[in-house]
There are 4 protein chains.
Amino acid sequence: MRRIDNFKSIIDQYNVIFFDAFGVIKNYQGLVPGIEKTFAYLEQQNKEYYIVTNDASRSPAQLASSYHKLGLNVITPDRIVSSGMLTKEYLDLKVQGGIVAYLGTENSAHYIESSGLHTMPISEVNESNIDKVNALIFLDDEGFNWFEDLNKAVNLLRKRTIPAIVANTDHAYPVTVNSVSIAIGGLATMIEKIVGKEFIRFGKPDSQMFMFAYDLIRDHRPVSKKEIVMVGDTLHTDILGGNKFGLDTVLVLSGNTQPTDVETRITVTGIVPTYICDSAVVDLGGFNF
Amino acid sequence: MRRIDNFKSIIDQYNVIFFDAFGVIKNYQGLVPGIEKTFAYLEQQNKEYYIVTNDASRSPAQLASSYHKLGLNVITPDRIVSSGMLTKEYLDLKVQGGIVAYLGTENSAHYIESSGLHTMPISEVNESNIDKVNALIFLDDEGFNWFEDLNKAVNLLRKRTIPAIVANTDHAYPVTVNSVSIAIGGLATMIEKIVGKEFIRFGKPDSQMFMFAYDLIRDHRPVSKKEIVMVGDTLHTDILGGNKFGLDTVLVLSGNTQPTDVETRITVTGIVPTYICDSAVVDLGGFNF
Amino acid sequence: MRRIDNFKSIIDQYNVIFFDAFGVIKNYQGLVPGIEKTFAYLEQQNKEYYIVTNDASRSPAQLASSYHKLGLNVITPDRIVSSGMLTKEYLDLKVQGGIVAYLGTENSAHYIESSGLHTMPISEVNESNIDKVNALIFLDDEGFNWFEDLNKAVNLLRKRTIPAIVANTDHAYPVTVNSVSIAIGGLATMIEKIVGKEFIRFGKPDSQMFMFAYDLIRDHRPVSKKEIVMVGDTLHTDILGGNKFGLDTVLVLSGNTQPTDVETRITVTGIVPTYICDSAVVDLGGFNF
Amino acid sequence: MRRIDNFKSIIDQYNVIFFDAFGVIKNYQGLVPGIEKTFAYLEQQNKEYYIVTNDASRSPAQLASSYHKLGLNVITPDRIVSSGMLTKEYLDLKVQGGIVAYLGTENSAHYIESSGLHTMPISEVNESNIDKVNALIFLDDEGFNWFEDLNKAVNLLRKRTIPAIVANTDHAYPVTVNSVSIAIGGLATMIEKIVGKEFIRFGKPDSQMFMFAYDLIRDHRPVSKKEIVMVGDTLHTDILGGNKFGLDTVLVLSGNTQPTDVETRITVTGIVPTYICDSAVVDLGGFNF
């Protein structure tokens, strides 16, 4: 049996902490109880930290605001790296003009807009404007009619040879303690298989997410990968991606991976975290501080 | 370049003809023009024929009736082998009692019902009856709310260890000359991947479809596979399945496979039909009859 | 926790028993201890039985002989249905003349030969005879040089549009209590992916294996699928295949599936056997006979 | 029909050029004829350039030396970014001590060695040292016995929960105008499937390759992705990877992608290069220089 490590002792050894959001800082009920102590400790110790999240449903400002509403005011927009940000960077660099059709909420599309690009829900694509569509983005599983619009996405990609970008690689996400919802990444994979084309995906475990956060640090100071630890609840996104990028990794058991099957899951997948902790909560009891 | 064969000369060499339906006998506009001549010829020559189709949306009686409405009265229910029939046989043999939840139209489910089995649209599955659900069937892409009911299917399979049966393996089907719709087989594959379980699929290229038709003949007389030829428009269902079952095969160019890329498609997939014909229409011009 | 059933009570309810070979009747050390009692009981009760095995390394006569050497004399060649037999039937029906190139031992190829067909180890295919090669068969993981001949198989399939037949779908097989070997099915899947063509596979869980055994019975008497039970040690071949064909199924814990993880494996895969037994050994203790 | 662009006009618009090696600069016969003019032009124009290559068979120094032997002396080791370099960085950061078992030539392993790490061909792993093996690397398809050592790799990964790193993602590579060889990436994918674990892969189209080259530039000066163009002959590695990283891309028709099917391949895959050129040779005819 693998040992359970003390989270505080771990972060004491690193200068920068990357956190996954869902299952680590928050869950479907709100904040993970006690997580505010972790951020208070990080602030006190002058540690740098970032939220690295597969989420393209909202802008960093809106994501930060959602933490503030839960009482976690230290999470500012500049602390957040989302797969939506990578999608926006891709569009800025690679799509010059025209329409970007999307599947998702209006809100998710608003953030993607930039000079020269016009976003349009796929429901509004028609014979008169289809030739101006230069990309299709999969942003969120909400905000559209699945039957109408998924079929429309298939036919758009059959008619136009344009890049299809998946802004969230997750196939499902938890909505209550016992149930999940199909995520936009799952819908996109179905459509990719039907049309037979190769889609572009942004999100963990892909290195580009970690690189984006890494570059945010390097913009203001030199940093080595050895100073950084990635904290996540999911082996095949957070831990696999962190390991591959060369970071040390902490698997926490407060989300996707259960204490009862952590050992089996590690053996079966071959994805090994550097550490395992019950949660990312720093316990500042008198005895250990 | 491969030669194009004469369809009449081919069927003259066989006693039994298996036909795919869509792209061979009918298309999105109705009957393939002239196909009634083929069936008149088969009747006159006392050839046996069957329609072998990936379709679980209707009963054989209803499928036959749809041909009658188009003016093709010779297609009787006993001539039809559908993936829906295999699903029904599976349920009869393997599911004893309880509820069979389904995704599809009411009509598609009606045919599946049999003594002791109660079908129920997945939308009606709830906390009070979920423990009585003993199978989930994917019948048709219509008749349900994709957003609500696909998510419900995922959670049903996470809570209950029951067989999931896919009654149509196609991932998409044509609806107009230029557009397709996502088929129930495509939706089922997405859900299979999300829940990580192994689904049971009925439909070409699987041998069970061909065996079912083969057994219909053997019920009344001995037959060798060498007497049968399979006619279809799709390499990876009709031709691959027919070849694997040991039948000679005819690829017709009136549906999925275009004359301009038939050569490339055969080379790329490695799926080689015994013959290639423009269509399954028998040309009874004076010179060759 | 699922109940463990008594094997004798189960087979008492059926007229025909299909057995997987490896992990059920024999293992890497020889016969499963006590299995001879099972066959003595079946003979005494006049039950019909067949061995349904993914094995193309030897002819049915040689497979039967291997049981005789172990002391199990009741297993006669006509009791054996192997994936090699399906491969032979395919070649007889579908390949008219020319050379059949193969990967495997000379012995495995000898059985496949028939009038008009000439088998040739792929190592002997060269510029002068390559145009006469009309099929490639994957028979066994032994009998050839992996480096030379796997590369040669890739290039043969790039140059010739011919069927590639995989006569054993297994990807690995046990050789000692702790180690496995890569099987010809695993090598074939790698080559299929590299050349991008669609191969033809014979072996469980495919229905064609079960149909072949089912037809052997029907050749001499009518039989219903309800009279037959399939006994195997592997969920995704024996149990999935048996279930799909409409048979009741027994998972035995004497091979691939361990008692400690049978519950997890069933839940994770969604493949549910009708019964679970420790082994296929009939215990004829005084109290129950 | 897409237009064919002039390579010189393209590189005139960028400050940094990334080149794929095989199919762009060299092929199985040696240098691509005339390619030395391209590098002379780049030197004259003070353009920066890098070779970004899926190759872990040799060190950058040895790769550079192989160009010198062909007469291309400008390619220095610091111009080369290989998937082997990423593998080395991973081992330096993530594997502390112990043995790194490998499949490949002695030469390929030598470069990977570093302080504290001991490389060992998998053929030498045995009962006495297996517990010290902390990683398995797939480096090259040569230098080992496929039958013995691929089976040994499978069993090593079944016994030890350690990272498996694939240092070259290619599944096959050309050896003559008409034939290919199975690459180590193809062998690794087979083993990954058999053992069911998730391997770590370094090589295009993964962003980490491009990021490594990008960082080499940023070490000495600021650079924007808009200043860089990626030149390659393969859609799903060079072009897909370059596009995803946010670079403009040039598909050249001197390697994997043929002039006759470039249009089809782009439409089928949905991978669209910014430009298409016959080759990466700069034609310095009097009229355009």
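Scoring rules and cut-offs
Residues numbered from 1 in each chain as written. Chains lettered and ligands numbered in written order. Predicted model: local features only at pLDDT ≥ 70, side-chain atom pairs only at ≥ 80, totals over all residues. Heavy atoms only, no water. Axes fitted to C-alpha atoms, helices over the stretch in contact; angles between N-to-C directions. Helix = DSSP H or I, 4+ residues; strand = E, 2+ residues; numbered from the N terminus. Parallel < 35°, antiparallel > 145°, perpendicular 65-115°, else oblique. Left-handed = near helix turned anticlockwise from the far one by under 90°. Contact = heavy atoms within 4.5 Å. Nonpolar A, V, L, I, M, F, W, Y, C, P; charged D, E, K, R; others polar. Phe/Tyr/Trp six-rings, centres within 6.5 Å; stacked < 30°, edge-to-face > 60°. Buried < 20%, exposed > 50% of the residue type's maximum accessible area, 1.4 Å probe, protein only. Lys NZ or Arg CZ within 6 Å of the ring centre and 35° of its normal. Buried area = accessible area lost by both parts, 1.4 Å probe. Polar contact = N/O pair within 3.5 Å; in protein donor to acceptor, adjacent residues only side chain to side chain. Pairing = 2+ DSSP bridges.

(A) Local environment of the packing of helix 7 (residues 184–195) of chain A against helix 7 (residues 184–195) of chain B. Two elements in contact, helix 7 of chain A and helix 7 of chain B, have axes whose closest approach is 10 Å; the angle formed by their N-to-C orientations is 135°. Put simply, helix 7 of chain A runs oblique to helix 7 of chain B. Crossing handedness for the pair helix 7 of chain A and helix 7 of chain B: right-handed. Contact residues: Gly186, Leu187, Thr189, Met190 and Lys193 of chain A in helix 7 of chain A; Gly186, Leu187, Thr189, Met190 and Lys193 of chain B in helix 7 of chain B. Grouping the constituent residues of the contact of helix 7 of chain A with helix 7 of chain B by class yields four nonpolar, four polar and two charged.

(B) Looking closely at the packing of aromatic side chains. Residues and elements named next belong to chain C. Per the counting criterion, the structure on display carries 34 aromatic pairs over all chains. Arranged with centres 5.1 Å apart and planes meeting at 45°, the rings of Phe19 and Phe39 form a pair that is tilted. Residue Phe19 is found in strand 1 (residues 16–19), and its partner Phe39 is found in helix 2 (residues 35–44); the two are separated by 20 residues along the sequence. Across this residue pair, the class does not change: Phe19 and Phe39 are buried. When the ring of Phe39 is compared with that of Tyr49, the centres are 5.2 Å apart and the planes differ by 70°; the resulting orientation is edge-to-face. Of this pair, Phe39 sits in helix 2 while Tyr49 sits in strand 4 (residues 48–53); the two residues are ten residues apart in sequence, bridging distant segments of the chain. As far as burial versus exposure is concerned, Phe39 and Tyr49 are alike and both buried. The ring of Tyr49 is capped by Arg79, whose NZ or CZ atom sits 4.1 Å from the centre of that ring.

(C) Structural detail: the environment of Ala164 of chain C. All names here are of chain C. Tracing the sequence through the fold places Ala164 in strand 9 (residues 164–166). Overall, Ala164 belongs to the buried group, its relative accessible area being 5%. Residues in contact with Ala164, not counting those within four places in the same chain, are Leu136, Phe138, Leu157, Phe199 and Ile200.

(D) Molecular detail of the side chain of Ser66 of chain C. Take Ser66 of chain C: it is sitting in helix 3 (residues 60–69). When near neighbours in sequence (up to four residues on either side) are disregarded, Ser66 of chain C contacts Lys26 and Arg58 of chain C.

(E) Main features of the interface of chain C and chain B. The interface is formed by 40 residues belonging to chain C together with 40 residues belonging to chain B. Summed over both sides, the interface between chain C and chain B buries roughly 3,100 Å², with carbon and sulfur atoms accounting for 50% of that surface. Where chain C touches chain B, the interface holds 18 residue pairs in polar contact (both at pLDDT 80 or more). Of all the elements in the fold, those that place two or more residues in the side of chain C that touches chain B are helix 4 (83–94), strand 12 (200–201), helix 8 (207–218), helix 9 (235–245), strand 14 (248–252) and helix 10 (262–269) of chain C.

(F) A look at the pairing of strand 8 (residues 133–138) of chain A. Residue and element names in this part refer to chain A. Buried residues dominate strand 8, accounting for five of its six residues. Strand direction decides the pairing type here: strand 6 (residues 99–103) and strand 8, joined by five bridges, are parallel. Paired with Leu103 across the two strands is Phe138, which belongs to strand 8. Examined bridge by bridge, strand 8 and strand 9 (residues 164–166) share three bridges and lie parallel to one another. Residue pairing in the sheet places Leu136 in a bridge with Ala164 of strand 9.

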